[in-house]
Amino acid sequence: SFGPLFIAQDEGYFAQQGLDVEFVDFGSFDAPMIPALVASQIDVAPMSVTVALLNAIAAGADIKIVADKGFADPNACPGYGWLARRSLLDTGGLSDLSALKGRSIAASNGNTLEWVLDLLLGKAGLTRSDVKYLPITDPLVYIAGLGSGSIDLTQSTEPWITRARDQGVGELWMPFSDLMPNDSLAIIAFGPSILEKNPQAGVRFMTAYLQAIEKYNEGKTESNIAILARHTKLAPDEIRATCWVSFTQGGKVSVQGLLDFQQWALERGYVERALRGDQLWDPEFVDQANTAPK
């Protein structure tokens, strides 16, 4: 899902907008981005939709979601979904949703990935107490768990879906788009250094980003594969084999999806108060970028 950002950098789209962009590696954890964004140590945060983000905005942090960074596209090759243990599928152990009862399910917490767990259980008429919930986020651990039989079902993304299939330990059982169709799985957020001090730089950033999405949407071209391989350190053949994340037309997010996630977070006690859609999402940057001269 960082592909368009890498493309914007390597194809010179940021430079064409007069921007000198530096990538700062936060590893696989989004939480440290929020204080860094508030303190203007970073200007842009590409991240998951999280409870921590909602609570920061509710507490008065000058942060706004400004663009999509990948959504659950029902019409695309699924890059996000529920990965089931291969041996369980082979024996018909997940023939219907009621078969989830008593299963070991690994999932993240405090973000849309935990929400999608409750969406799945709700669809099956089950609750957390009906399954063995394992808060595991390390893909190496859950791939090993699928192979050993200690994990029956886990959330996964590419390239781990393809790796699990190639290793014969797991198979995509249900894409997230079956549970949250067209909702944003990740977003781009701006902090005060752009929102307050330099909104025009935000428009220029967004113009380059949307241009890069158009390039990304050309698909598995040699140039796109080379850029993704260079930044992700994945082999080009593996990048060709995986499903690629879908991005919304023009960068807009599903505001209703954000509000649905917030309602879930309220019900679980993760947030104390609800925010309006306009307190979460600022469409001005994508609107201006979409009308900017090409």
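The following paragraphs examine the structure supplied in this document. (Residues numbered from 1 in each chain as written. Predicted model: local features only at pLDDT ≥ 70, side-chain atom pairs only at ≥ 80, totals over all residues. Heavy atoms only, no water.)

### Considering the state of the cysteines
In total, this model carries 1 disulfide according to the counting rule given. Bridging cysteine 77 to cysteine 243, the disulfide has an S-S length of 1.7 Å. Taking the sign of the torsion about the S-S bond as the criterion, the disulfide between cysteine 77 and cysteine 243, at about -45°, is left-handed. Of this pair, cysteine 77 sits in the loop between strand 2 (64–68) and strand 3 (80–85) while cysteine 243 sits in the loop between helix 12 (236–241) and helix 13 (255–267), and the two are 166 residues apart along the sequence. With relative accessibility at 14%, the residue cysteine 243 sits in the buried group. (Disulfide = S-S within 2.5 Å. Helix = DSSP H or I, 4+ residues; strand = E, 2+ residues; numbered from the N terminus. Buried < 20%, exposed > 50% of the residue type's maximum accessible area, 1.4 Å probe, protein only.)

### Brief notes about the pairing of strand 6 (residues 153–157)
In terms of burial, strand 6 is largely enclosed, as 4 of its 5 residues are buried. One ladder, built from 5 bridges, connects strand 3 with strand 6; its direction is antiparallel. Counterpart to tyrosine 80 in the pairing with strand 6 is threonine 157. (Pairing = 2+ DSSP bridges.)

### What about helix 1 (residues 3–10)?
It helps to recall that an α-helix has 3.6 residues per turn; residues three or four apart then point in one direction. Judged by how many residues are buried, helix 1 sits mostly within the fold: 6 of 8 residues are covered. Residues of helix 1 that are buried sit in contact with helix 2 (13–16), strand 1 (44–48), strand 8 (186–190), helix 10 (199–216) and helix 11 (222–232). At the C-terminal side of helix 1, glycine 12 shows a positive phi close to 80°. (Contact = heavy atoms within 4.5 Å.)

### Some remarks on the packing of helix 10 against helix 15 (residues 284–291)
When two helices pack together, their arrangement is captured by the angle between the axes and the distance separating the axes. Closest axis-to-axis distance for the helix 10/helix 15 pair is 8 Å, and the angle between their directions is 60°. Our classification of the angle between helix 10 and helix 15 gives oblique. Seen along the crossing, helix 10 lies across helix 15 with a hand that is right-handed. Residues Pro199, Gln200, Gly202, Val203, Met206, Thr207 and Leu210 of helix 10 form the contact with helix 15, whose participating residues are Phe285, Val286, Gln288, Ala289 and Asn290. Considering only residue class, the contact of helix 10 with helix 15 consists of 7 nonpolar, 5 polar and no charged. (Axes fitted to C-alpha atoms, helices over the stretch in contact; angles between N-to-C directions. Parallel < 35°, antiparallel > 145°, perpendicular 65-115°, else oblique. Left-handed = near helix turned anticlockwise from the far one by under 90°. Nonpolar A, V, L, I, M, F, W, Y, C, P; charged D, E, K, R; others polar.)

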